Protein chains: 2
Amino acid sequence: MPTIIATVNVNGVRAAAGKGMLAWLAATEADIVCLQETRATDEQTRAALAPALADGWSLALAEPEAKGRAGVGILSRRAPQEVRIGFGSKEFDASGRYLEADFDDVTVASVYVHSGDVGTPRQDEKYRFMAELGAYLTGRGGEFVVSGDWNIAPSELDIKNWKGNLKSAGFLPQERAWIDELLAAGYVDVVRRLHPGVEGPYSWWSYRGRAFDNDSGWRIDYQLARGDLAARAKQAVVERAAAYDQRWSDHAPVTVQYR
Amino acid sequence: MPTIIATVNVNGVRAAAGKGMLAWLAATEADIVCLQETRATDEQTRAALAPALADGWSLALAEPEAKGRAGVGILSRRAPQEVRIGFGSKEFDASGRYLEADFDDVTVASVYVHSGDVGTPRQDEKYRFMAELGAYLTGRGGEFVVSGDWNIAPSELDIKNWKGNLKSAGFLPQERAWIDELLAAGYVDVVRRLHPGVEGPYSWWSYRGRAFDNDSGWRIDYQLARGDLAARAKQAVVERAAAYDQRWSDHAPVTVQYR
DNA sequence: CTTTTTAAG
DNA sequence: CTTAGAAAG
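These numbers come from a predicted model, not from an experiment.

Caption draft 1: A look at the overall build of chain A. Helix and strand counts for chain A come out as nine helices and 12 strands. The dimensions of chain A, computed from C-alpha atoms along their principal axes, are 45 × 40 × 35 Å. For chain A, buried positions account for 56% of its 259 residues. When the accessible surface of chain A is summed, it comes to about 11100 Å², and 50% of that surface belongs to carbon and sulfur atoms.

Caption draft 2: Spatial organisation of the sheet that holds strand 10 (residues 221-226) of chain B. All names here are of chain B. On the basis of which strands lie adjacent, the open sheet formed by six strands has the order 5-6-7-8-10-9 and mixed pairing. What marks the edges here is a single partner per strand, and that holds for strand 5 (82-85) and strand 9 (188-189). As paired strands, strand 9 and strand 10 are joined by two bridges and run antiparallel to one another. Among the inter-strand pairings, Asp 189 is bridged to a residue of strand 10, identified as Leu 224. Contacts from helix 5 (residues 121-138) reach strand 6 (98-103), strand 7 (106-112), strand 8 (144-149) and strand 10, with the element oriented near 20° to strand 6.

Caption draft 3: A look at the protein's contact with DNA strand D. Around DNA strand D, the structure places 17 residues, and the nearest of them are His 114, Arg 122 and Arg 208 of chain A together with Lys 19 and Arg 39 of chain B. For DNA strand D, the backbone portion of the atoms within 4 Å of the protein, that is sugar and phosphate, comes to 74%. Interatomic distance of 2.7 Å between a side-chain N/O atom of Arg 208 of chain A and a base oxygen of DNA strand D. Here a sugar or linking oxygen of DNA strand D and a backbone polar atom of Tyr 207 of chain B are 3.2 Å apart. With three residues, helix 1 (residues 13-19) of chain B is the largest single contributor of residues to the surface near DNA strand D. A breakdown of the residues in the surface near DNA strand D according to their chemical character gives three nonpolar, five polar and nine charged.

Caption draft 4: Examining the side chain of Ser 203 of chain A more closely. Residue and element names in this part refer to chain A. Here Ser 203 lies in the loop between helix 7 (190-194) and strand 10 (221-226). You can call Ser 203 buried: its relative accessible area is 0%. In this structure the side chain of Ser 203 is engaged in a polar contact, spanning 3.3 Å, whose partner is the backbone nitrogen of Ile 220. Aside from chain neighbours lying at most four places away, what touches Ser 203 is Trp 218, Arg 219, Ile 220, Asp 221, Val 238, Asp 250, His 251, Ala 252 and Val 254.

The rules behind the values
- Here, residues in each chain are numbered from 1, in the same order as that chain's written sequence.
- Going through the entries in the order they are written, you letter the chains from A and number the ligands from 1.
- Reporting of local features is limited, given that this is a predicted model, to residues whose pLDDT is at least 70; pairs of side-chain atoms are given and counted only at 80 or more, and all residues count toward the totals for whole chains, interfaces and linings.
- Only hydrogens and water are set aside when side-chain values are computed; all heavy atoms of the structure are taken into account.
- Only DSSP runs of H or I covering at least 4 residues are called helices, and only runs of E covering at least 2 are called strands; the numbering of each starts at the N terminus.
- Partly exposed residues are those whose accessible area sits between 20% and 50% of the maximum for their type, while under 20% is buried and over 50% is exposed, using a 1.4 Å probe and protein chains only.
- Values of accessible area rely on a 1.4 Å probe in the Shrake-Rupley scheme; residue burial ignores everything except the protein chains shown.
- Between any two strands, at least two bridges found by DSSP are needed for them to pair.
- The criterion used for residue contact is that any of the two residues' heavy atoms lie within 4.5 Å.
- To get an axis, fit a line to the C-alpha atoms, keeping to the stretch in contact for a helix; angles then go from 0 to 180 degrees between the N-to-C directions.
- Near residues are defined by distance, with any heavy atom within 4 Å of the molecule or strand qualifying the residue.
- Pairs of N or O atoms are called polar contacts if they sit within 3.5 Å, as long as, within protein, a hydrogen donor faces a hydrogen acceptor (for residues adjacent in sequence, only side-chain-to-side-chain pairs).
- Only Asp, Glu, Lys and Arg are considered charged, only Ala, Val, Leu, Ile, Met, Phe, Trp, Tyr, Cys and Pro nonpolar, and every remaining residue, Gly among them, polar.

Below you can see the structure in the form of structure tokens.
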């Protein structure tokens, strides 16, 4: 049976819900939607998404300990069998950055890797998060897909102005090497596999300047799948148009059809 | 010659300018307008009031050291002969809460006494400010008026729900006693003198609830005059209506005509 | 440029 | 309820 999985960083679920996210959700064909940066408590998130929940969507959440920061969730048309918050990390499990949900034969994870500005303590934190998450993911098997905002453009094809960003968080050699390690460990970047050799498709555009109008974006939201699931990916789209009518986040949904 | 002096706490000059303060300024008959809580640097304030300055208004400012806090100013149709920031206080002169300007035979001061929530360090700070300002004002003579936001309702007539606010900052016995001392020292609350024995007229209404619609306000903005100037006060109005069309502050201008 | 908290009112 | 700054993105 086909399963459509979408992932989108909503940049504040309360703001997004008020600006068009609910309309997008009502129209999407996705069965499962991974959310990042809800930036709200579980209670606030359920209130913001109340119309969708009334519509039958099930919602699993990893509440962030820090108010207004991070927060991931998984919406699904049918409730998952099991939900797990975190990946066994003392430092990060309560930070609202990783959530897994089991659906019949596949497990879906929603991940938020923070931006990690260069030269700040947030950069070291990002590397610690990468180290712990990488160890967990490479040791994991089964029918599994991790979808989310990785805040890393894997290659020069994944960022409009790559030359100007060689020293920017999100395109540092160490960060790209980390993604390479995941791919070497058996994960498939299904969006890139379905769009080989082309620039983009980008999934994030800064709110500054004319970045969105000029398509001066980054491909930092993607789905890494392993097992048979990776081979089942048959179509991947970045829903730039859906965001265009009325932009409700600086990221666009990245939707993949698994047949 | 008659002189009309207005005072208004603008609660952020940048926000106020965008919401109707400039239209009020273009229509007022006041010759001098004392401003409180500009909450901006001198540069930001001049930018926000640029149309008024282009219209010929002169502007003197006491820039607050803390960004986004306090800040007082004096607008006048003719430039003052001299301007003085502060009243000789080590702690408060740089805090943007007191400014004097000399106009021919009279001196006009714009003062901002902060709210000073009970049980916080801001309460002690308010009392220190009151002590220093009180000493300065009682020692001062001449044709002089101090206009501003005193954040103290002098009597039961000056606050709608006085019984419910006996323990609230702005209506504490110690605060009211301080105003009484200023009156005993020769200052005249000209608004009250011109509106004896009536409730109000209030000059501030909380943004919370229906305070403005119910006229559940406080009279905390007033002009204390001394010398002949006090006797010259012939009309005092709170420009509640001016604020009503499109409220641009939680305070209303308090305008007095000195003949 | 935007979201959310915070301090202050 | 509102302003403005701060942190984060």
